There are 6 protein chains.
Amino acid sequence: MTTRLEKKPSDSHVVMTELVLPNDTNTYGNLMGGRLMYWMDIAAALAAMKHCAAPVVTASVDNISFESPIKLGNAVHIEARVTRSFNSSMEVHMNVWGEDPTQQYRYKSNEAYYTFVALDPNGKPRPVPSLIPETEDEKRLFDGALRRRQIRLILGGKMKPEEAEELKALFNPQTP
Amino acid sequence: MTTRLEKKPSDSHVVMTELVLPNDTNTYGNLMGGRLMYWMDIAAALAAMKHCAAPVVTASVDNISFESPIKLGNAVHIEARVTRSFNSSMEVHMNVWGEDPTQQYRYKSNEAYYTFVALDPNGKPRPVPSLIPETEDEKRLFDGALRRRQIRLILGGKMKPEEAEELKALFNPQTP
Amino acid sequence: MTTRLEKKPSDSHVVMTELVLPNDTNTYGNLMGGRLMYWMDIAAALAAMKHCAAPVVTASVDNISFESPIKLGNAVHIEARVTRSFNSSMEVHMNVWGEDPTQQYRYKSNEAYYTFVALDPNGKPRPVPSLIPETEDEKRLFDGALRRRQIRLILGGKMKPEEAEELKALFNPQTP
Amino acid sequence: MTTRLEKKPSDSHVVMTELVLPNDTNTYGNLMGGRLMYWMDIAAALAAMKHCAAPVVTASVDNISFESPIKLGNAVHIEARVTRSFNSSMEVHMNVWGEDPTQQYRYKSNEAYYTFVALDPNGKPRPVPSLIPETEDEKRLFDGALRRRQIRLILGGKMKPEEAEELKALFNPQTP
Amino acid sequence: MTTRLEKKPSDSHVVMTELVLPNDTNTYGNLMGGRLMYWMDIAAALAAMKHCAAPVVTASVDNISFESPIKLGNAVHIEARVTRSFNSSMEVHMNVWGEDPTQQYRYKSNEAYYTFVALDPNGKPRPVPSLIPETEDEKRLFDGALRRRQIRLILGGKMKPEEAEELKALFNPQTP
Amino acid sequence: MTTRLEKKPSDSHVVMTELVLPNDTNTYGNLMGGRLMYWMDIAAALAAMKHCAAPVVTASVDNISFESPIKLGNAVHIEARVTRSFNSSMEVHMNVWGEDPTQQYRYKSNEAYYTFVALDPNGKPRPVPSLIPETEDEKRLFDGALRRRQIRLILGGKMKPEEAEELKALFNPQTP
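Everything quoted here is computed from the prediction, not taken from an experiment. (Residues numbered from 1 in each chain as written. Chains lettered and ligands numbered in written order. Predicted model: local features only at pLDDT ≥ 70, side-chain atom pairs only at ≥ 80, totals over all residues. Heavy atoms only, no water.)

A. Representation of the relation of the copies chain A and chain F. Take chain A, turn it by 180°, move it 0.0 Å along the axis, and it overlays chain F with an RMSD of 0.0 Å. The operation mapping one copy onto its partner corresponds to a two-fold rotation axis. Identified as the residue of chain A closest to the rotation axis by C-alpha distance is A:Asn63, at 2.4 Å. When the interface residues of chain A are mapped onto chain F, 100% of them again lie at the interface, so the same face is used by both copies. (Least-squares fit on C-alpha atoms with pLDDT ≥ 70 in both. Contact = heavy atoms within 4.5 Å.)

Next up, the structure:
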């Protein structure tokens with residue numbers, strides 16, 4: 001099977017819906033953060049696999065802030081798509097909402113980026129198709145991916161802060 | 001909170017995606033039918049709750065035929081929406097596909113109808129909004145709902161075959 | 001190993017008991033229909049395997065009506081046995097009860113038919129032993145299996161209503 | 001509701017069947033002992049509740065020896081019934097078998113005794129009905145219950161070995 | 001890989017912490033005994049594997065008395081270590097506590113002994129390293145292991161009471 | 001109950017051990033990242049609750065890089081402790097290792113920071129005790145907590161990069 005060398009973000013679009021059951025909640029009846037990150041990992045991994053047509057492993061997870069708590073008996077909606085691919089890795093963006101179906105009310109829970117690496121049959125990294133953004137929103141996510149990658153490398157101890165050109169500009173916007 | 005008296009099928013649209021894990025499979029590495037019916041029940045219940053803005057219970061499940069087996073490591077996609085509402089019950093239609101993300105291959109698993117009853121705070125049936133179909137496909141599902149309801153009533157022992165006018169015509173198409 | 005060519009319904013008798021835990025229930029503290037269908041699938045598959053001495057897959061599920069809800073903390077009892085075998089498939093009948101052990105109260109939940117196909121080591125359908133009913137009840141279930149099979153074929157789109165001789169008679173009982 | 005003051009062992013008879021799934025097994029594909037003890041606890045608790053018509057808690061578990069391992073894909077059958085009741089506690093005996101349905105082969109896994117205490121609505125121990133054994137087997141289990149109770153009390157540090165008259169005789173059978 | 005022929009109890013020390021979730025509890029909101037025995041089996045198996053550097057299976061479980069119930073939302077702490085090894089088997093001792101983190105309160109739940117057998121690649125028992133106790137507490141557990149082993153053999157029907165020299169002395173302390 | 005106004009990192013020390021079972025792994029037999037983040041959330045929440053003696057919710061998760069994959073059948077060890085507290089929130093640091101008990105081999109998986117908010121009985125944030133670091137390592141983690149907090153606030157859109165004095169210095173180390 002041949003895999004196309006270029007993919008669009010919509011090719012990797014995944015929509016997941018889960019129902020919050022008792023075992024997913026803490027003593028306040030709110031969805032536990034760890035359970036949500038578990039579902040997000042599966043949704044994002046499926047999006048990455050749709051992009052690269054290969055098995056993937058989670059390489060890193062960016063900062064996540066949990067906003068409104070999601071309640072017992074509510075639904076969780078996760079929308080995932082690849083924002084940019086590098087040599088053998090892909091960044092996946094997710095939007096997460098809670099929904100109280102009996103109140104007809106939908107609320108933002110969080111937004112997140114997970115990064116995956118594609119593996120060949122020996123479990124070694126393999127090249128992945130390029131991603132060509134189409135909409136304005138997709139282009140904005142594509143452009144921001146470089147900056148987020150520098151943050152990941154610095155926070156993971158694999159790049160020195162002074163080498164991160166994009167971030168340096170961010171912290172010294174007045175510098176000519 | 002007031003609930004609109006009429007709803008469209010798209011108002012209750014739910015998309016669920018699950019990953020087939022080892023514990024979901026039989027000794028051939030295929031998704032067990034019971035595990036799939038469990039996920040379908042949750043997807044359909046969420047669709048019904050979106051229609052009626054109230055808690056629901058599963059009242060009945062129509063005949064389901066499982067076509068292509070869904071494999072370990074594949075994704076399951078369930079699309080659910082309400083097809084017609086009766087006094088306090090709603091019929092939900094689902095399309096179910098398997099998807100092998102590494103082979104970029106998507107296949108039909110089955111199609112099904114679940115029926116739910118809306119409950120008031122005392123756990124008694126309560127009225128639900130009407131459903132107004134819009135597309136050709138939605139109208140076809142809406143029209144067929146009466147016939148499927150007669151089958152359910154007959155199979156559940158609550159209607160005699162000779163009282164089912166719609167079905168009688170079906171079995172004697174040549175009758176004037 | 002040789003398998004007997006004929007089996008009795010009692011050879012495939014399976015009794016399963018489960019306890020309804022919090023994660024099995026909806027917001028009213030009632031067992032979710034999907035969770036019950038999952039347990040029924042396992043009980044019925046075990047009955048089918050006892051009949052044919054081979055792995056099986058779920059082929060179809062007949063209409064199920066859920067009567068009394070089963071409560072959190074109650075027991076679920078499922079009794080399954082094969083009612084009739086066809087070339088490579090078997091129909092399994094189940095009776096399902098709930099039981100509140102602290103109230104010494106047992107109540108009917110539903111009755112259902114699941115159909116399974118026996119598989120050979122290559123995952124292809126293989127012949128199964130005949131079933132010889134013994135009791136009056138087993139004979140009644142055996143006789144009804146043909147009619148239920150026609151309904152499955154019609155509802156699955158594999159038979160035209162006017163070809164279903166048994167059902168035609170049912171809908172036109174007065175026809176000579 | 002009145003509860004009878006005397007019960008028979010058959011009144012508390014429970015039959016449970018489970019299928020061994022991948023997550024229940026160790027790296028050799030055998031059912032983990034802890035998973036089996038979990039199922040046995042539920043089967044035995046249901047038997048105890050049927051005897052006393054009240055909620056129960058596990059008080060103790062006697063020595064269990066695991067004989068033949070139960071394999072992935074096999075069924076587990078647990079048969080439980082109360083053997084004797086004391087003031088507010090009940091001893092439950094279980095027989096556990098594995099079954100390979102494709103090989104038509106059933107094998108003994110282990111035999112065990114769990115003890116439960118009945119609770120009143122405040123969570124305090126409450127009296128339970130007496131047990132009247134009927135068959136020879138039930139009488140043998142009833143008689144042995146006293147000796148097992150002494151072992152439990154000694155092993156739990158609540159009785160001194162020299163006070164256990166039944167056991168002393170066991171260790172000095174020749175003593176006049 | 002060579003395995004040392006002698007190990008210390010501290011080499012096999014395992015600390016496990018779990019949170020009691022809704023599905024782990026009975027109707028009183030207390031951790032079910034069977035769920036706790038499941039966790040204990042995993043903690044003890046990990047300790048045994050650390051001692052023998054090989055896969056293990058649960059051979060037997062000694063009498064367990066459950067003292068204070070562990071509540072929903074509390075933590076469970078299990079500390080396991082090998083107390084003595086025999087030819088191909090190892091006895092593991094565990095201390096189990098509950099902890100209410102919001103009340104800063106820690107309480108003893110139970111103490112237990114599980115026995116494991118080490119397996120070679122064919123699933124047959126294989127020799128395990130000796131255990132050399134170091135602290136007073138470890139020596140006490142090491143010495144008691146022989147007596148507990150006789151109890152296991154007698155209760156498992158593999159030794160006659162009158163052959164158990166250690167236990168005979170226990171039941172007749174005054175005998176010269 | 002009164003809660004001490006100052007706590008040491010060792011007061012909140014939690015050690016968790018889990019066994020990687022089939023359902024926790026992807027198609028390569030490696031622990032899924034989402035499952036690990038779930039366990040980490042529970043370990044970190046228990047550490048935070050030990051610090052503040054109150055229920056907590058996950059507020060945010062810092063960047064996590066997954067290094068060596070953890071294999072099926074291996075153990076996961078998570079060590080968590082609070083590094084610094086703010087008004088009503090606490091940062092928890094975790095070290096995560098995998099361990100192959102049959103190979104006597106232990107390897108680093110990742111290191112992470114989760115942040116939790118303490119809640120009063122109405123579900124509103126409440127003050128938490130101060131943390132007084134003691135060892136060199138604890139002081140280093142305590143000092144870094146301010147910088148990590150600025151990163152969280154910037155990445156969560158709650159602080160402008162140019163306001164983050166600590167980070168500005170990091171990106172322009174040569175500035176006087």
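B. Molecular detail of the interface of chain C and chain B. Contacts between the two partners involve 41 residues from chain C, matched on the other side by 41 residues from chain B. Taken together, both faces of the contact between chain C and chain B bury some 3,300 Å²; the carbon and sulfur share is 63%. On the chain C side of the contact with chain B, C:Tyr28, C:Asn63 and C:Phe171 bury the most area, a combined 22% of that side's loss. Applying the counting rule to chain C against chain B returns zero salt bridges. Our count for the chain C to chain B interface comes out at ten residue pairs in polar contact (both at pLDDT 80 or more). Elements with a minimum of two residues in the side of chain C that touches chain B: α1 (33-52), β3 (56-61), β4 (64-65), α2 (136-155) and α3 (165-171) of chain C. When its residues are assigned to classes, the side of chain C that touches chain B shows 23 nonpolar, eleven polar and seven charged. Alignment of strand β4 (residues 64-65) of chain B against β3(C), held across two bridges, turns out to be antiparallel. Paired with B:Ile64 across the bridge in β3(C) is C:Val61. (Buried area = accessible area lost by both parts, 1.4 Å probe. Salt bridge = Lys/Arg side-chain N within 4 Å of Asp/Glu carboxyl O. Polar contact = N/O pair within 3.5 Å; in protein donor to acceptor, adjacent residues only side chain to side chain. Helix = DSSP H or I, 4+ residues; strand = E, 2+ residues; numbered from the N terminus. Nonpolar A, V, L, I, M, F, W, Y, C, P; charged D, E, K, R; others polar. Pairing = 2+ DSSP bridges.)

C. Highlighting the pairing of strand β2 (residues 14-19) of chain B. All names here are of chain B. Most of β2 is tucked away: five of the six residues are buried. Where β2 lies against strand β5 (residues 75-85), six bridges are found, and the strand directions are antiparallel. Note on β5: the bridge partner recorded for Leu19 is Ala75. (Buried < 20%, exposed > 50% of the residue type's maximum accessible area, 1.4 Å probe, protein only.)

D. Region of the structure containing the pattern of salt bridges. On inspection of all chains with the given rule, the structure shows 48 salt bridges over all chains. One continuous salt-bridge network, built from bridges that share partners, spans A:Asp62, A:Glu91, A:Arg148 and A:Arg152.

E. The arrangement of the packing of helix α1 (residues 33-52) of chain D against helix α1 (residues 33-52) of chain E in detail. At a closest axis distance of 7 Å, the pairing of α1(D) and α1(E) adopts a crossing angle of 175°. Classified by the angle their axes make, α1(D) and α1(E) are roughly antiparallel. Facing α1(D), whose interface residues are D:Gly33, D:Gly34, D:Arg35, D:Met37, D:Tyr38 and D:Asp41, α1(E) presents E:Gly33, E:Gly34, E:Arg35, E:Met37, E:Tyr38 and E:Asp41. Residues that form the contact of α1(D) with α1(E) fall into these classes: four nonpolar, four polar and four charged. (Axes fitted to C-alpha atoms, helices over the stretch in contact; angles between N-to-C directions. Parallel < 35°, antiparallel > 145°, perpendicular 65-115°, else oblique.)

F. Region of interest: the interface of chain A and chain F. Taken residue by residue, the interface counts 41 residues in chain A and 41 residues in chain F. Approximately 3,300 Å² of surface area, both sides summed, lies buried where chain A meets chain F, with 63% of it carried by carbon and sulfur atoms. When residues of chain A are sorted by the area they lose upon contact with chain F, A:Tyr28, A:Asn63 and A:Phe171 head the list and together hold 23% of the total. Summed over the shared surface of chain A and chain F, the number is zero salt bridges. Where chain A packs against chain F, one counts 13 residue pairs in polar contact (both at pLDDT 80 or more).

G. Inspection of the sheet that holds strand β6 (residues 89-100) of chain D at higher detail. Sheet architecture is open: six strands sit in the order β2(D)-β5(D)-β6(D)-β7(D)-β3(D)-β4(E), paired in antiparallel fashion. The strands lining the two open edges of the sheet, one partner per strand, are β2 (14-19) of chain D together with β4 (64-65) of chain E. In this sheet, β6(D) lies alongside strand β5 (residues 75-85) of chain D in antiparallel orientation, the contact comprising ten bridges. Residue pairing in the sheet places D:His77 in a bridge with D:Trp97 of β6(D).

H. Region of interest: the relation of the copies chain C and chain B. For the match of chain C to chain B, the screw axis carries a shift of 0.0 Å, the RMSD comes to 0.0 Å, and the turn is 180°. Of the residues that chain C buries at the interface, 100% are likewise interface residues in chain B, meaning the two copies contact each other through the same surface.

I. Main features of the environment of D:Met40. Mapped onto the fold, D:Met40 is located in helix α1. In this structure, the C-alpha to C-alpha distance between D:Met40 and D:Glu79, residues 39 residues apart in sequence, is 9.0 Å.

J. Spatial organisation of the sheet that holds strand β6 (residues 89-100) of chain F. If you walk across this open sheet you meet the six strands as β4(A)-β3(F)-β7(F)-β6(F)-β5(F)-β2(F), and the pairing is antiparallel. Every other strand in the sheet has two partners, leaving β4 (64-65) of chain A together with β2 (14-19) of chain F as the edge strands with one partner each. Helix α1 (residues 33-52) of chain F rests against β2, β3 (56-61), β5 (75-85), β6 and β7 (105-118) of chain F of the sheet, and its axis sits at about 40° to β5(F).

K. Local environment of the confidence of the model for chain A. Residue-level pLDDT values for chain A average 91, and 95% of them are 70 or greater. The complex model carries a pTM of 0.94, and its ipTM stands at 0.92. (pLDDT = per-residue confidence, 0-100.)

L. Spotlight on α1(D). With 20 of 20 residues buried, α1(D) is to be regarded as a mostly interior element. With its phi angle positive at about 55°, D:Ala53 sits one or two positions after the end of α1(D).

M. Region of interest: the side chain of E:Asn30. Residues and elements named next belong to chain E. Its location among the elements puts Asn30 in the loop between β2 (14-19) and α1. A polar atom in the side chain of Asn30 sits 2.9 Å from the side chain of Lys71. With residues up to four places along the chain from it excluded, the contact list for Asn30 reads Asp24, Thr25, Pro69, Ile70 and Lys71.

N. Representation of the packing of aromatic side chains. In total, this model carries twelve aromatic pairs over all chains according to the counting rule given. A centroid spacing of 6.4 Å and a plane angle of 20° characterise the contact between B:Tyr114 and B:Phe116, whose relative ring orientation is stacked. For the residue pair B:Tyr114 and B:Phe116, the accessibility class agrees, reading buried in each case. Just above the ring of B:Phe86 sits the side chain of B:Arg149; from NZ or CZ to the centre is 4.3 Å. A cation over an aromatic ring shows up here: C:Arg106 above the ring of C:Trp97, its NZ or CZ 4.7 Å from the ring centre. (Phe/Tyr/Trp six-rings, centres within 6.5 Å; stacked < 30°, edge-to-face > 60°. Lys NZ or Arg CZ within 6 Å of the ring centre and 35° of its normal.)

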